[in-house]
Amino acid sequence: QVQLVESGGGLVQPGGSLRLSCVASGGIFSINAMGWYRQAPGKERELVASITRGGRANYADSVKGRFTIFRDNGENTVYLQMNSLKPEDTAVYYCNADVATMLGAVVTGGVEVWGQGTLVTVSS
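Residues take numbers from 1 onward in each chain, read along the sequence in its written order. Where local features are concerned, this predicted model is filtered to residues with pLDDT of at least 70; where side-chain atom pairs are given and counted, the filter is 80 or more; whole-chain, interface and lining totals use all residues. The side-chain numbers reported here are obtained from all heavy atoms of the structure, hydrogens and water having been left aside.

Caption draft 1: Structural context of the state of the cysteines. By convention in this document, the label disulfide applies to cysteine sulfur atom pairs within 2.5 Å. Applying the stated criterion across every chain, the model contains one disulfide. Bridging Cys-22 to Cys-95, the disulfide has an S-S length of 2.0 Å. Taking the sign of the S-S torsion, -85° for the link of Cys-22 and Cys-95, the bridge is left-handed. Of the two residues, Cys-22 sits in strand β3 (residues 18-25) while Cys-95 sits in strand β9 (residues 91-103), which places them 73 residues apart along the sequence. Numbering of helices and strands runs from the N terminus, with a helix taken as a DSSP run of H or I at least four residues long and a strand as a DSSP run of E at least two residues long.

Caption draft 2: Here's a closer look at the pattern of salt bridges. Basic side-chain nitrogens of Lys or Arg form a salt bridge, by our definition, when they fall within 4 Å of a carboxyl oxygen of Asp or Glu. Enumeration according to the criterion identifies four salt bridges in this entry. For the salt bridge of Lys-64 with Asp-61, the shortest nitrogen-to-oxygen distance reads 3.1 Å. Here the term buried applies to any residue with accessible area under 20% of the maximum for its type, exposed to any over 50%, and partly exposed to those in between, with areas from a 1.4 Å probe on protein chains only. Since its relative accessible area comes to 64%, Asp-61 is described here as exposed. In this structure, the salt-bridge partner of Asp-89 is Arg-66, at a minimum N-O distance of 2.7 Å. Highlighted residues: Asp-89 in the loop between β8 (77-82) and β9 and Arg-66 in the loop between β6 (57-59) and β7 (67-72), separated in sequence by 23 residues.

Caption draft 3: Representation of the nonpolar core within the structure. If you look at the biggest cluster of nonpolar residues, it comprises 30 residues, and the most contacted ones within it are Trp-36, Val-48, Phe-67, Val-78, Leu-80, Met-82 and Tyr-93. Looking at this core, the elements that each hand over two or more residues are β3, β4 (28-39), β5 (46-51), β7, β8, β9 and β11 (118-122). Top contributing element to this core by residue count: β9, with five residues. In what follows, residue pairs with any heavy atoms lying within 4.5 Å of each other are defined as contacts. The residues touching Tyr-93, leaving out its near neighbours within four places in the chain, are Glu-6, Leu-20, Trp-36, Tyr-37, Arg-38, Val-48, Phe-67, Leu-80, Met-82, Gly-117, Thr-118 and Val-120. Here the nonpolar core consists of buried residues drawn from Ala, Val, Leu, Ile, Met, Phe, Trp, Tyr and Cys, with membership extended through side-chain atoms lying within 4.5 Å.

Worth remembering: the numbers are spatial, not functional.
Put into structure tokens, the structure is as follows:
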């Protein structure tokens with residue numbers, strides 16, 4: 001089964017930076033789009049950034065100019081570089097990927113896979 005594992009979260013002061021990583025593993029045939037979502041206390045889960053296999057990125061308006069999403073297809077990894085962090089960025093950040101998997105000789109269609117999440121806390 002495909003697994004996504006996020007890392008890089010933690011406590012940071014306003015104005016600081018963090019880099020989140022998400023590594024996909026297990027029975028992967030190919031990965032199309034990948035993305036980062038977040039869920040802040042009392043709010044709905046929202047898309048932060050997404051990136052196609054070819055590297056085209058999209059961002060939520062709230063993070064444009066501060067966050068950068070990029071990926072390493074050879075390592076099945078997607079990153080989120082977060083700069084100029086604000087208290088309102090505090091949330092659990094989840095990695096997401098659209099994955100075609102292999103089960104024996106069978107290749108599946110696109111399957112949406114989620115990581116367990118990593119907590120980012122921005123506070124002074």
